[in-house]
Amino acid sequence: MTVIDQIHQHRSIRKYKPDPVPDGILSEILEAGMRTSSSGNMQTYSIVISRDPVMKEYLLEPHMKQSMVVDAPVFLTFCADFHRMRRWLKLSQAPDNFDNYFSFMIGAIDAILVSQTVALAAESKGLGICYLGSTLANADQIGDILDLPPNVIPVVGFSLGYPAEQPALRDRLPASGLIHWERYQQYTDKDILEIYSERETKGWDRYMRSKWLKEEVEKSGVENLAQLYTIVKYTQDSHQDFSNSFLQYLSNQDFMNNLPE
Ligand SMILES: Cc1cc2nc3c(=O)[nH]c(=O)nc-3n(C[C@H](O)[C@H](O)[C@H](O)COP(=O)(O)O)c2cc1C
């Protein structure tokens, strides 16, 4: 299969066989990840591998009890990491300019790019992955469990293992809604509704197959997918709380210095 064919076969895998991921294959996909471009080639990321069932059990709660954390043989947490670099600067009598929000973003971009290379490498080996947004939402709790030192922040994570399911490919918004030539295309309301029209039915049908979401929708009187997203799934309160705890964690981890008043 070509790389592009493989990319088009991607689907998130949430059910895994118990078979372990052989060490050789794990090393191979991580080595592939390490070839990813990084800002200034500083490689300001770390990858924490969780294979010990006890460690995965600890991670289950901050990952909002998503069972793939414990069911998959491996869970990978990709962290923005300026800890190593800043220690090296200190040992080399170099100024430390990386105690700020911009540096966190550099580390986060490095970590996220590496994660996707590892994901593609894993899929090329017949493995499956599923990202978990809880990595960012509960970064502080996950950081404590993984013993992350200052200047290290979990940003993305995924379960990894051999698929025990072959879900249907999920739809994507049309290219006309995502790609802009030369300048940003300004959308009319009609354009927006067209871009989301297929999603409105396919996304709704998919969510209605989830017992929990169906019950929540019935309780809250939600009538369409857009409402489902922000009244049930991603609420104002949850997103505000996650924002506040994440900003506090960035500060605790020494990334929020010298901000303007
Ligand atoms: C950053 C990120 C966070 C995600 N978080 C979750 C999650 O917490 N639980 C989950 O089941 N899927 C999660 N997903 C998977 C998405 O739901 C999935 O990628 C999307 O529905 C498209 O489906 P596909 O990957 O099968 O094509 C996440 C994906 C990304 C990129």
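Structure first, text after, so check above.
Below, the structure is looked at part by part. Because the structure is a prediction, the values reported are computed rather than measured.

1. A look at the site of the ligand
With respect to spatial proximity, the complete set of residues near the ligand consists of His 10, Arg 11, Ser 12, Arg 14, Gln 66, Met 68, Cys 130, Tyr 131, Leu 132, Gly 133, Arg 170 and Arg 172. Between the ligand and Arg 14 there is a distance of 2.7 Å, counted from an oxygen atom to a side-chain nitrogen or oxygen. One of the side-chain N or O atoms of Arg 170 is found 2.8 Å from an oxygen atom in the ligand. Computed on the free molecule, the ligand has an accessible area of 610 Å², of which 64% lies beneath the protein chains in the complex.

2. With respect to unusual backbone geometry
Leaving glycine out, the prevailing phi sign among residues is negative, and the prevailing peptide bond configuration is trans. The phi dihedral of Glu 182 falls on the positive side, at around 70°, and the residue is not glycine. Summarising the element assignment, Glu 182 is placed in the loop between strand 4 (152-161) and helix 9 (189-195). A positive phi is found at Asp 254, a non-glycine position, where the angle reads about 70°. Mapping Asp 254 onto the fold places it in the segment after helix 13 (236-252). Asp 254 gets classed as partly exposed once you look at its relative accessible area, which sits at 29%.

3. Looking at the sheet that holds strand 4
Pairing within the open sheet is antiparallel, and its four strands lie in the order 1-2-4-3. The sheet is open, and its two edges are formed by strand 1 (45-50) and strand 3 (128-131), each paired on a single side. Each adjacent strand pair in this sheet contributes to an overall mean axis angle of 25°, direction not counted. Alignment of strand 3 against strand 4, held across four bridges, turns out to be antiparallel. Bridge pairing in strand 4 places Cys 130 opposite Ser 159.

4. A closer look at the environment of Gln 116
Looking at the secondary structure, you find Gln 116 in helix 6 (residues 101-124). In this structure, the C-alpha to C-alpha distance between Gln 116 and Tyr 131, residues 15 residues apart in sequence, is 9.8 Å.

5. Some words on the nonpolar core
Grouped together as the largest cluster of nonpolar side chains are 51 residues, with contacts concentrated most on Phe 104 and Leu 160. For this core, the leading source of residues is helix 6, giving nine residues. Setting aside chain neighbours within four positions, we find Leu 160 in contact with Tyr 16, Val 21, Leu 26, Ile 29, Ala 72, Pro 73, Val 74, Leu 76, Ala 122, Leu 127, Gly 128 and Ile 129. Counting eight residues, the second largest nonpolar core, distinct from the first, contains Tyr 207, Met 208, Leu 225 and Val 232.

6. Side note on the pattern of salt bridges
Inspection of every chain in the model, using the stated rule, returns twelve salt bridges. Of the charged contacts, one joins Asp 23 and Arg 51 as a salt bridge, the two residues approaching to 2.7 Å between their closest N and O atoms. Of this pair, Asp 23 sits in helix 2 (residues 23-34) while Arg 51 sits in the loop between strand 1 and helix 3 (53-60); the two residues are 28 residues apart in sequence, bridging distant segments of the chain. The salt bridge involving Arg 84 is made with Asp 81; its shortest N-O contact spans 3.5 Å. Take Asp 81: its relative accessible area is 6%, and that puts it in the buried class.

What counts and what doesn't
Residues numbered from 1 in each chain as written. Predicted model: local features only at pLDDT ≥ 70, side-chain atom pairs only at ≥ 80, totals over all residues. Heavy atoms only, no water. Near = heavy atom within 4 Å. Polar contact = N/O pair within 3.5 Å; in protein donor to acceptor, adjacent residues only side chain to side chain. Areas by Shrake-Rupley, 256 points an atom, 1.4 Å probe, with all protein chains shown as cover. Helix = DSSP H or I, 4+ residues; strand = E, 2+ residues; numbered from the N terminus. Buried < 20%, exposed > 50% of the residue type's maximum accessible area, 1.4 Å probe, protein only. Pairing = 2+ DSSP bridges. Axes fitted to C-alpha atoms, helices over the stretch in contact; angles between N-to-C directions. Core = buried A, V, L, I, M, F, W, Y, C linked by side-chain atoms within 4.5 Å. Contact = heavy atoms within 4.5 Å. Salt bridge = Lys/Arg side-chain N within 4 Å of Asp/Glu carboxyl O.

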